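Observations on the model geometry
The residues making up each chain are set out below.
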Amino acid sequence: MTPVVDIHSHFYPDNIPDLSARFGGEWPGFRHTAPGKGMITLGNRDYRPVYEACWNPALRLEEMDRDAIDIQIMCATPLLFAYEKPAQQALECAMLFNDAALELCQRSPERLKALCQAPLQDIDASCREVSRAVRAGHLGVQIGNHVGPRNLDDEGLITFLQHCGEQRIPVLVHPWDMMAPERMPKYMLPWLVAMPAETQLSILSLVLSGAFERLPDTLRICFAHGGGSFAFLLGRVDNAWHNRDIVREDCPHPPSHYTNRFYTDSAVFDENALALLVNVMGEERVMLGSDYPFPLGEQKIGSLIKNSNSFNSETKSRLSGGNAVKFFDL
Ligand code: CO
């Protein structure tokens, strides 16, 4: 039986040390607000309310049972990346949360798995830390879709991806630090508008720069949230590649040629959108991902795939676990 695997979920420890006191400046923190509830803080500000599933693996397992999820892969909440901090501090932060993630997984090592984080402002330190973390038990690494002004086609980030490809360390790319926040002060617009665009930007930066021509075939890389706006806009991008030389100058093939070089999760919340995504990516390259335990995640994990009328049972089994088993060597 193929297990049901949720490849995109987050953790946030409730015993996070006072990083602002340790390092100075504004760092993520946490405080309990009520039984089973808490507030993620950033410096002195409240950032986001969360509930116990972020830090309590027993509750996570209960909710996995409720939704018939066999294995869940968790990664840090992107707020914890610290890419804008001094590299040594970001490395300490990464090691702290990487070790904390493995501790959560100890509750049920067969069912709870983790992806590490890396201080991407320092590529050498990142390569060392992901290799350390994978030896310690992490399945792969989650990275932000950009590091300040640098997109994924940045030479240093390419070096990091090459390292992951050579070491066979799977990579999940998560959007964060969204563009144009001054124009999106309300309604969670950065999550609704900028996040899908951030992911599109990181996929196209790899495609149009020709980076996939240089990255090893062994690189397994997956983009969160169904690849953002990529699938829906691929026709537009292909048309631009065919008709404008400045679009294709570094990219020898049409963008649609590269869909076999990466994966996406399934977090698109709509049956037609998922059908389009699977059509564009191929049924081998979409994996169940929920964004649990956040309000913008799939509330009944796996239900979109399970209830879809677009796929036969074999395809559903690939999407809900078979592809993840291969991608993460489960
Ligand atoms: Co997420």
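Reading the values: the criteria
In this numbering scheme, every chain counts its residues from 1 along its sequence in written order. Where totals are concerned, whole chains, interfaces and linings use all residues; where local detail is concerned, this predicted model gives features only for residues with pLDDT of at least 70, and gives and counts side-chain atom pairs only at 80 or more. Values reported for side chains reflect all heavy atoms of the structure, with hydrogen atoms and water molecules removed beforehand. Where helices and strands are cited, they refer to DSSP runs of H or I of at least four residues and of E of at least two residues respectively, numbered from the N terminus. The span one expects for a helix is its residue count, reduced by one, times 1.5 Å. Accessibility here uses a 1.4 Å probe with only protein chains present; expressed as a share of the type maximum, an area under 20% marks a residue as buried, one over 50% as exposed, and anything in between as partly exposed. Contacts: residue pairs with any heavy atoms within 4.5 Å of one another. Among buried residues, the Ala, Val, Leu, Ile, Met, Phe, Trp, Tyr and Cys ones that are joined through side-chain atoms within 4.5 Å form a nonpolar core. Each metal site lists N, O and S donors within 2.8 Å (3.2 Å for Na, K and Ca). With water left out of the atoms, a site can look as if it is missing ligands. By the criteria applied here, four donors are tetrahedral when all angles lie between 85 and 135 degrees, four are square planar and six octahedral when opposite donors are over 155 degrees apart and every other angle lies between 65 and 115, and any other arrangement is irregular.

1. Looking at helix H8 (residues 230-243)
Side chains three or four residues apart in an α-helix point the same way, a direct result of the helix having 3.6 residues per turn. Taking 1.5 Å as the rise per residue, H8 with 14 residues should run 20 Å; its terminal C-alpha atoms sit 19 Å apart, in good agreement. Considered for burial, the residues of H8 that qualify are Phe230, Ala231, Leu234, Val237, Asp238 and Trp241. As for H8, its buried residues are in contact with helix H6 (189-208), helix H9 (245-248) and helix H10 (271-281).

2. Let's talk about the environment of Leu152
Checked against the element boundaries, Leu152 lands in the loop between strand E7 (140-144) and helix H5 (155-166). In the structure, Leu152 is positioned 138 residues away from Asp14 in sequence and 31 Å away in space, judged by C-alpha atoms.

3. Concerning the nonpolar core
Val141, Ile143, Phe160, Leu161, Val171, Leu206 and Ile221 are the most contacted members of the largest nonpolar core, which totals 83 residues. Among the elements that line this core, the one with the most residues is helix H3 (residues 87-105), at six residues. Excluding its chain neighbours within four sequence positions, the residues that come into contact with Val141 are Leu115, Cys116, Gln117, Val130, Phe160, Cys164, Ile169, Pro170, Val171 and Leu172. Counting residues in hydrophobic clusters, the runner-up holds 14 residues, among them Ile7, Ile71, Cys75 and Met287.

4. What about the coordination of the cobalt ion?
All of the protein donors around the cobalt ion are His8 (NE2), His10 (NE2), His174 (NE2) and Asp291 (OD); their distances to the metal are 2.0 to 2.1 Å. For the cobalt ion, the four donor atoms in the first shell make angles of 85 to 166° at the metal, so the coordination geometry reads as irregular. Along the chain, the residues that donate to the cobalt ion are spaced as H-x1-H-x163-H-x116-D. On the criterion of sequence distance, the pair formed by His10 in strand E1 (residues 5-11) and His174 in strand E8 (residues 171-174) is long-range, its members being 164 residues apart. Judged by relative accessible area, His10 falls into the buried class, the value being 1%.

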